[in-house]
Amino acid sequence: MNKSKSLIERRHAVVARGVGQFAGDTTADSALRGRVTDVDGQEWIDLAGGIGVNNVGHCHPTVVKAIQEQAAKLLHSCIHVATYEPYVALCEKLVELVPHGDATKVMLTNTGAESVENAIKIARQATGRSAVIGFSEAFHGRTLLCMTLTSKVFYKLNCGPFAPEIYRLPYPNRFRYGQGLDENTFVQRELERLEQAFVNLVPATEVAAILIEPVQGEGGFVVAPKEYMRGLRRMCDQHGIVLICDEVQSGFARTGSWGAFEHSGITPDLSTWAKSLGGGLPIGCVLGKAEIMDKALPGTLGGTFSGNPVACAAALATLSVMESEKLLERGRVVGDRIRAAFLALQAKCDLLADVRGLGGMIAAEFCHDGDPSRPAGEVVLRALATARGQGVLAIPAGPTSSIIRILSPLTITDADLDRALEILSESILQAAADAAQSSNA
Ligand SMILES: Cc1ncc(COP(=O)(O)O)c(C=O)c1O
């Protein structure tokens, strides 16, 4: 038996099966830049990036060095016990890179879900209100509140009862919900839907926050139209609602900017981040307007490990790599290559109904007859398995796994990226042909 098989067997024996797995029976032993090597020594080109974590690439030497140096100096002290420099320095850097108005403050977390939970706690304390409006096809994490806010039913089976005071509207996804409307008309309709929600769903005076991913991650890289984001901003201002942008998947160079919200020219009141911030170590944050952040009472935010010194050092090094290696620009270049490959595939594959995304966050949605209510998830899953067999690691997205999302390290070489996209395209064509053949049989 090869080592991968044996490791997977050991996993099945002791790891709870609820800890799901996207990429079949893949293992990982080491990784560098844009490649992962499994326990048998087989190498993959990585188009999954640890689900959007490895924006600077695997084991970036600058990040590894910063981790080693910090680990030898101060592993842990807890920010509630003693103040240490890396925590403060990271907050200073984040405020400099992603200001939220004139005065910005930060709290550090360990994960994306923790960032979202805390942003909602802050919004509730700031407004004295309890309701939160979220969106269909959203994903915000697996804690109970975040799971409540998450749309994908498959991720929350039998986990209720869920948190109260969560309301959901359709995400402004024109491909899925647009019924042929042009973008302006669609945006107007969706903003009117929100106004109506204050009459028929929950009064605006009870809404603490509207929580939106400017580009949906798990939902399949759907980009909220700029005018919708601007309309949301206006409505939140009008009704005293805190606008929270969840940048956990879209943040830190992925869309060619620090945050995806920057593309629509708005500033949220609060934003949530994690994933690629630590370059591979677990760290996240809530960033926000100081006057809102400071409405949270002392003692209501934090945690034993949040903003651990080693994770802070990793994050500082990660951000410096993003700046010195110009990864924001690189995000756009990577995105252009992915988009071009998917558009070329679309000309040959009837099932490829939509190519979309922002910067380096590009996805392709597969469905029958261009109808998103008839998803082709089985073709996507088969294609991804074929691609894995040929050394390409990629993951699906969407409620029915009918979307392929590319989250490669932004430091991937052009040659690796092109080769991986070629293999993926061939795998999709093969899977589509197989599906057509078996439906004709
Ligand atoms: C947009 C978004 N928010 C929150 C989360 C939850 O992050 P974590 O898995 O670190 O808790 C994710 C994870 O994929 C995400 O994509």
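All of these numbers come straight from a predicted model, not from anything done at the bench.

J.: Sorry, what's going on with the pattern of salt bridges here?
T.: Oppositely charged side chains are able to pair whenever their charged atoms sit close together. Tallied over the full model, the rule gives 22 salt bridges. Between Arg-176 and Glu-365 there is a salt bridge, with the nearest N and O atoms lying 3.1 Å from each other. Taken together, the positions of Arg-176 in helix H7 (residues 174-177) and Glu-365 in strand E12 (residues 361-366) put the pair 189 residues apart, joining distant regions of the chain. Of the residues examined, Arg-176 reaches a relative accessible area of 25% and is grouped as partly exposed. One salt bridge in this structure joins Lys-289 and Asp-269, with 3.1 Å as the shortest N-O distance. On the criterion of sequence distance, the pair formed by Lys-289 in strand E10 (residues 284-289) and Asp-269 in the loop between strand E8 (242-246) and strand E9 (270-273) is long-range, its members being 20 residues apart. As far as burial versus exposure is concerned, Lys-289 and Asp-269 are alike and both buried. Among the charged side chains, a salt-bridge network with shared partners connects Arg-176, Asp-354, Arg-356 and Glu-365.

J.: It is not clear to me how the packing of helix H12 (residues 327-346) against helix H14 (residues 414-440) should be interpreted in this structure. Could you clarify?
T.: The relative placement of two packed helices is expressed as an angle between their axes plus a distance between the axes. As a packed pair, H12 and H14 sit with axes 10 Å apart at the nearest point and diverge in direction by 25 degrees. Between H12 and H14, the angle is such that the two are roughly parallel. The two elements H12 and H14 cross, and the hand of that crossing is right-handed. Contact with H12, carried on its side by Arg-330, Val-334, Arg-337, Ile-338, Ala-341, Phe-342 and Leu-345, involves Asp-414, Leu-417, Asp-418, Leu-421, Leu-424, Ser-425, Ile-428 and Leu-429 of H14 and no other residues of that element. Considering only residue class, the contact of H12 with H14 consists of 10 nonpolar, one polar and four charged.

J.: I'm lost on the sheet that holds E8 in this one. Help?
T.: In a beta sheet, neighbouring strands are held together by backbone hydrogen bonds and run either parallel or antiparallel to one another. Strand order in the open sheet formed by seven strands is E4-E10-E9-E8-E7-E5-E6, with mixed pairing between adjacent strands. Edge positions in the sheet fall to strand E4 (104-109) and strand E6 (166-169), since each has one partner strand and no second. Here the average twist between neighbouring strands, direction ignored, is 20 degrees. As defined by bridge partners, E8 adjoins E9 across three bridges and the pair is classed as parallel. Counterpart to Asp-246 in the pairing with E9 is Thr-272. Strands E4 and E10 of the sheet are contacted by helix H4 (residues 85-97), whose axis makes an angle of about 130 degrees with E4.

What counts and what doesn't
- Residues numbered from 1 in each chain as written.
- Predicted model: local features only at pLDDT ≥ 70, side-chain atom pairs only at ≥ 80, totals over all residues.
- Heavy atoms only, no water.
- Salt bridge = Lys/Arg side-chain N within 4 Å of Asp/Glu carboxyl O.
- Helix = DSSP H or I, 4+ residues; strand = E, 2+ residues; numbered from the N terminus.
- Buried < 20%, exposed > 50% of the residue type's maximum accessible area, 1.4 Å probe, protein only.
- Axes fitted to C-alpha atoms, helices over the stretch in contact; angles between N-to-C directions.
- Parallel < 35°, antiparallel > 145°, perpendicular 65-115°, else oblique.
- Left-handed = near helix turned anticlockwise from the far one by under 90°.
- Contact = heavy atoms within 4.5 Å.
- Nonpolar A, V, L, I, M, F, W, Y, C, P; charged D, E, K, R; others polar.
- Pairing = 2+ DSSP bridges.

All quantities given are derived from atomic positions and should not be read as evidence of function.
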